[in-house]
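A look at the structure
Each chain, written out:
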Amino acid sequence: MSRARWRGVGGALLGLLLFGVGILVAALLVRTYTLPSSQVSWQGPGVAEVKFTPDERQLLKRALIGALRIPTVSFSEEEQNVTALAELGEYIRRVFPRVFSSSIIKHEVVAEYSHLFAVQGSDLSLKPYMILAHLDVVPAPPEGWDVPPFSGEERDGYIYGRGALDNKCCVIGALQALDLLLKRGYKPKRSFYIGLGHDEEVSGHKGAMKVVEKLQSRGVKLLFVIDEGLAVVEGVLHGVKKPVALIGTTEKGSITLNLTVNQPPGHSSMPPAETSIGILAAAVSRLERNPMPNMFGEGPDAFMFEKLAGEFAFPLNVMMANLWLFSPIISRVLEQKPSSNAIVRTTTAITIFNAGVKANVIPHIARATVNFRLHPAQTVDEVLDIVRNTVNDERVEISVLDSFNPLPISPHDESNFGYQTLQKTIHSVFSAAPVAPGICIGNTDSRHFVNLTDSIYRFSPFKLKAEDLSRIHGLNERISVEGLEQLTQFYYQLIQNADFDKVPVAHRATHEL
Ligand SMILES: CCCCCCCC/C=C\CCCCCCCC(=O)NCC(=O)O
Ligand SMILES: [Zn+2]
Ligand SMILES: [Zn+2]
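Note that the structure is a prediction, hence the values are computed from the model and not measured. Per-chain numbering applies: the sequence of each chain, read as written, is numbered from 1 onward. The lettering of chains begins at A and the numbering of ligands begins at 1, in the order of writing. Confidence filtering applies because this is a predicted model: local features only for residues at pLDDT of at least 70, side-chain atom pairs given and counted only at 80 or more, and all residues used for totals across whole chains, interfaces and linings. Hydrogens are left out, water is left out, and the side-chain values use all remaining heavy atoms of the structure.

1. Quick look at the coordination of the zinc ion (ligand 3)
- Every protein donor of the zinc ion (ligand 3) is accounted for by D166 (OD), E201 (OE), E201 (OE) and H473 (NE2), and the metal-donor separations fall at 1.9 to 2.7 Å.
- The sequence motif formed by the donor residues of the zinc ion (ligand 3) is D-x34-E-x271-H.
- Listed donors are limited to N, O and S atoms within 2.8 Å of the metal, widened to 3.2 Å for Na, K and Ca; water is not among them, so incomplete-looking sites are possible. The distance between the zinc ion (ligand 3) and the zinc ion (ligand 2) comes to 3.4 Å, with D166 serving as a donor to both metals. Residue D166 is located in the loop between strand 6 (158–160) and helix 5 (168–183), and its partner H473 is located in the loop between strand 17 (456–465) and strand 18 (478–480); the two are separated by 307 residues in the primary sequence.
- The buried category is assigned to D166, whose relative accessible area is 8%. In DSSP terms, a helix is any run of H or I states spanning at least four residues, a strand is any run of E spanning at least two, and both are numbered starting from the N terminus. Each residue is assigned to one of three classes by its accessible area relative to the maximum for its type, calculated with a 1.4 Å probe on protein chains only: buried under 20%, partly exposed between the two thresholds, exposed over 50%.

Encoded structure:
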């Protein structure tokens with residue numbers, strides 16, 4: 001072929017390539033700017049705000065501080081500080097006498113330390129809903145804390161203490177909101193329950209599960225359940241500056257395993273080539289070095305990013321809106337940080353490791369506890385298969401302490417009363433923050449409510465910055481005084497918003513190019 005002819009073919013191919021690239025870019029942009037926006041506004045009347053008096057502000061703070069000083073620690077299903085749980089029960093009676101004496105509220109203690117409040121609405125034709133929170137906390141050894149973890153100390157606008165975020169703030173906020181509504185003469189139309197579990201941190205088998213049994217025996221069905229969970233996150237999603245509210249519409253599954261190695265004990269002067277500690281350490285190390293597969297996009301995880309695509313800065317907005325093309329890249333980026341890694345895969349955490357009694361004794365038994373949180377696209381059986389293959393050592397005995405599959409996905413469409421009511425309340429309280437459904441990475445008492453409703457939402461009504469994530473179950477757990485008021489405001493307005501009998505109608509904003 002002549003050189004001129006080659007040039008002609010080359011030019012045509014280049015033209016074709018540029019045309020293809022042009023079409024692809026146009027398709028990406030069209031998808032980016034035609035996705036439904038997460039920005040919505042609301043039709044119809046709003047509801048009253050709290051408008052705290054100075055006295056009420058003080059009382060709210062004091063109420064939480066007092067609760068944080070009672071060490072309601074759950075160590076295990078068998079070991080809970082029940083004296084403290086009983087004391088906290090007495091404490092809420094003392095702090096919220098109006099709630100306990102109201103003629104429209106029936107209070108009952110369930111399984112000794114959990115509490116169930118049934119608030120009777122004026123319109124019994126409306127289906128009731130449920131607000132959940134829990135009274136127990138995880139242990140907090142004082143090392144590393146700036147203040148004693150059970151002091152409830154207030155410093156620079158923050159109240160510190162184990163349970164400040166998880167989850168005594170919600171216990172106090174929900175009761176305080178109800179108390180203030182009663183004080184202002186508000187009469188709810190729709191009946192609702194407030195359930196306060198006492199063993200959420202160790203399963204909810206004694207508290208939340210018994211509450212469910214009680215309600216089931218009475219034939220109760222719920223319109224929706226709201227419990228702790230995701231939150232209004234700020235600076236947590238890479239590339240999104242403004243606060244966004246994430247509502248957990250599902251919750252990861254969980255498996256807790258004991259790995260045990262049993263080897264002959266003996267004198268440390270004649271050690272075998274491998275000890276029970278060495279064998280076990282190698283096994284858990286294999287589990288850590290071989291994370292479960294990245295399953296981004298195989299469950300509902302991608303939906304959250306797609307929904308929030310418009311909130312990301314360029315070029316992330318184009319990538320999030322076009323996960324069909326970019327999800328391999330995005331999934332790799334997400335696995336770099338523990339908080340987003342938890343969204344894309346089943347996580348593996350070695351949480352307890354025990355062996356040895358003396359420096360000159362070869363240990364007999366070594367045992368480790370490993371906790372997995374299951375991605376919604378994986379099952380308990382699938383994860384157990386992977387674990388056995390990874391450990392791959394017959395000397396390591398694997399026993400399942402507890403396991404459950406990921407929870408069903410709750411509806412989050414425009415016709416769902418619970419989701420839309422939450423969204424409307426979030427908008428009002430958190431300056432119109434965009435709202436998206438997400439996967440709750442921790443477990444909650446609400447998982448026991450699946451037979452009472454299909455609409456379970458895990459949302460803690462406070463703002464969390466990236467640096468706050470490590471405070472949950474970690475050091476220096478704290479909530480700002482402003483955050484505590486906002487949270488109380490949230491429940492105050494939620495209870496009123498739930499009194500409408502129709503689903504709130506949202507107007508979706510259009511994207512601006
Ligand atoms: C792409 C990044 C998304 C990151 C989303 C992280 C948002 C973090 C928000 C809240 C923290 C999650 C706490 C969940 C509640 C945990 C309740 C609990 O402790 N339950 C007991 C247990 O899980 O063991
Ligand atoms: Zn919790
Ligand atoms: Zn917790």
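2. Here's the deal with the packing of helix 7 (residues 276–289) against helix 12 (residues 380–391)
- Angles here are taken between N-to-C directions and fall from 0 to 180 degrees, while the axes themselves are lines fitted to C-alpha atoms, restricted in helices to the stretch in contact. At a closest axis distance of 9 Å, the pairing of helix 7 and helix 12 adopts a crossing angle of 125°. One finds that helix 7 runs oblique with respect to helix 12. When you trace helix 7 past helix 12, the crossing you get is right-handed. The residues of helix 12 that touch helix 7, namely those facing A283, R286 and L287, are V387, T390 and V391.
- Any residue that is not Ala, Val, Leu, Ile, Met, Phe, Trp, Tyr, Cys, Pro, Asp, Glu, Lys or Arg is counted as polar, Gly included; the first ten are nonpolar and the last four charged. For the contact of helix 7 with helix 12, the residue count by class is four nonpolar, one polar and one charged. Throughout this description, any angle smaller than 35 degrees is read as roughly parallel, any larger than 145 degrees as roughly antiparallel, any in the 65 to 115 degree range as roughly perpendicular, and the remainder as oblique. Each crossing is labelled by how the near helix is turned from the far one, with a counterclockwise turn of less than a right angle marking it left-handed and a clockwise turn marking it right-handed. Working rule for contacts: check all heavy atoms of both residues, and any pair within 4.5 Å makes them a contact.

3. A short note on the site of ligand 1
- Ligand 1 sits among 20 residues. The nearest are D166, E200, R373, N443 and H473.
- A distance of 2.8 Å separates an oxygen atom of ligand 1 from a polar side-chain atom of R373.
- Under this definition, polar contacts are N or O atom pairs within 3.5 Å; protein pairs additionally need one hydrogen-donor-capable and one acceptor-capable atom, and for neighbouring residues in sequence, both atoms have to be side-chain atoms. Residue N443 places a main-chain N or O atom 2.6 Å away from a nitrogen atom belonging to ligand 1.
- Its free accessible area being 650 Å², ligand 1 has 90% of it covered by the protein chains. One heavy atom within 4 Å of a molecule or strand makes the whole residue count as near it. For every accessible area listed, the method is Shrake-Rupley and the probe measures 1.4 Å; residues are considered covered only by the protein chains on display.

4. Considering the nonpolar core
- Put simply, a nonpolar core is a bunch of buried Ala, Val, Leu, Ile, Met, Phe, Trp, Tyr and Cys residues held in one set by side-chain atoms that sit within 4.5 Å of each other. Judged by nonpolar contacts, the single largest core of 69 residues is most densely connected at I131, L175, I194, L196, F459, I479 and F490.
- With 11 residues, helix 5 is the largest single contributor of residues to this core.
- If sequence neighbours within four positions are ignored, I479 has contacts with L64, G157, Y158, I159, A164, L165, C169, F462, L484 and L487.
- Judged by nonpolar contacts, the second largest core, of 29 residues, contains V236, V244, M304 and C440.

5. Brief notes about the coordination of the zinc ion (ligand 2)
- Ligation of the zinc ion (ligand 2) by protein atoms is provided by H134 (NE2), D166 (OD), E228 (OE) and E228 (OE), these donors lying 1.9 to 2.5 Å from the ion.
- Sequence spacing of the donor residues for the zinc ion (ligand 2), all on one chain, is H-x31-D-x61-E.

6. Comments concerning the state of the cysteines
- Pairs of cysteine sulfur atoms within 2.5 Å are identified as disulfides in what follows. In total, this model carries zero disulfides according to the counting rule given.
- Between C170, a cysteine without a disulfide, and C169, which holds the nearest cysteine sulfur, the sulfur-to-sulfur distance is 4.0 Å.

7. Overview of the sheet that holds strand 6
- We call two strands paired when DSSP finds no fewer than two bridges between them. Across the sheet, which stays open at both edges, the three strands sit in the order 5-6-18 with antiparallel pairing between neighbours. If you trace the sheet from one side to the other, it starts and ends with strand 5 (154–155) and strand 18, each paired once.
- Bridging between strand 5 and strand 6 involves two bridges; their strand directions are antiparallel. Across the sheet, R155 pairs through a bridge with Y158, a residue of strand 6.
- Across the sheet, helix 14 (residues 481–497) lies against strand 5, strand 6 and strand 18, angled at about 75° from strand 18, the strand it touches most.

8. Concerning helix 13 (residues 417–429)
- In this scheme, a helix's expected span is set at 1.5 Å multiplied by one less than its residue total. Compared with the 18 Å implied by 1.5 Å per residue over 13 residues, the 18 Å span of helix 13 between its first and last C-alpha is a close match.
- Across the 13 residues of helix 13, 12 count as buried, placing the element largely inside the fold.
- Of the residues making up helix 13, those classed as buried are F417, G418, Y419, Q420, T421, L422, Q423, K424, T425, I426, H427 and V429.
- Contact partners of the buried residues in helix 13: strand 1 (40–42), strand 8 (225–234), strand 9 (244–251), strand 16 (435–440), strand 17 and helix 14.
- The opening residue of helix 13 is N416, an N-cap whose side-chain oxygen sits 3.2 Å from the backbone nitrogen of G418.

9. Points about the packing of helix 13 against helix 14
- Put simply, helix 13 and helix 14 touch, their axes get as near as 9 Å, and they point 135° apart. Judged on the interaxial angle alone, helix 14 and helix 13 are oblique. The way helix 13 lies across helix 14 gives a crossing that is right-handed. Contacts between helix 13 and helix 14 involve F417, T421, L422, K424, T425, I426, S428 and V429 from the former and Q486, Q489, F490, Q493, L494 and N497 from the latter.
- Tallied by class, the residues present in the contact of helix 13 with helix 14 amount to six nonpolar, seven polar and one charged.

10. Some details on the packing of aromatic side chains
- Stacked, edge-to-face and tilted are the three classes for Phe, Tyr and Trp ring pairs, Trp counted by its six-membered ring, which pair at centre distances within 6.5 Å; planes under 30 degrees apart are stacked, over 60 edge-to-face, the rest tilted. Scanning all chains against the criterion turns up eight aromatic pairs.
- Both rings, one in F490 and one in Y491, keep their centres 5.6 Å apart while their planes meet at 75°; by these two values the pair is edge-to-face.
- Relative accessible area serves as the criterion here: at 0%, F490 is assigned to the buried category.
- Judged by relative accessible area, which is 2%, Y491 ranks as buried.
- Feature note: the residues Y129, F192, F224 and F417 constitute an aromatic cluster, connected by ring pairs.
- Note on criteria: charge over ring means Lys NZ or Arg CZ within 6 Å of the ring centre, with the direction from the centre no more than 35 degrees off the ring normal. Sitting over the face of the ring of F417, R190 holds its NZ or CZ atom 4.6 Å from the ring centroid.
- Note that R478 overlies the ring of Y158, its terminal NZ or CZ placed 3.7 Å from the centroid.

11. Description of the confidence of the model for the protein chain
- Across the protein chain, pLDDT averages 94, with 99% of residues at or above 70.
- Quick note on the complex model: pTM equals 0.93, ipTM equals 0.96. pLDDT gives the predictor's per-residue confidence on a scale running from 0 to 100.

12. A look at the environment of A432
- Looking at where A432 falls in the secondary structure, it is placed in the loop between helix 13 and strand 16.
- Remark: the alpha-carbon pair of A432 and P243, spanning 189 residues in sequence, is separated by 9.4 Å.
- Aside from chain neighbours lying at most four places away, what touches A432 is Q39 and H427.

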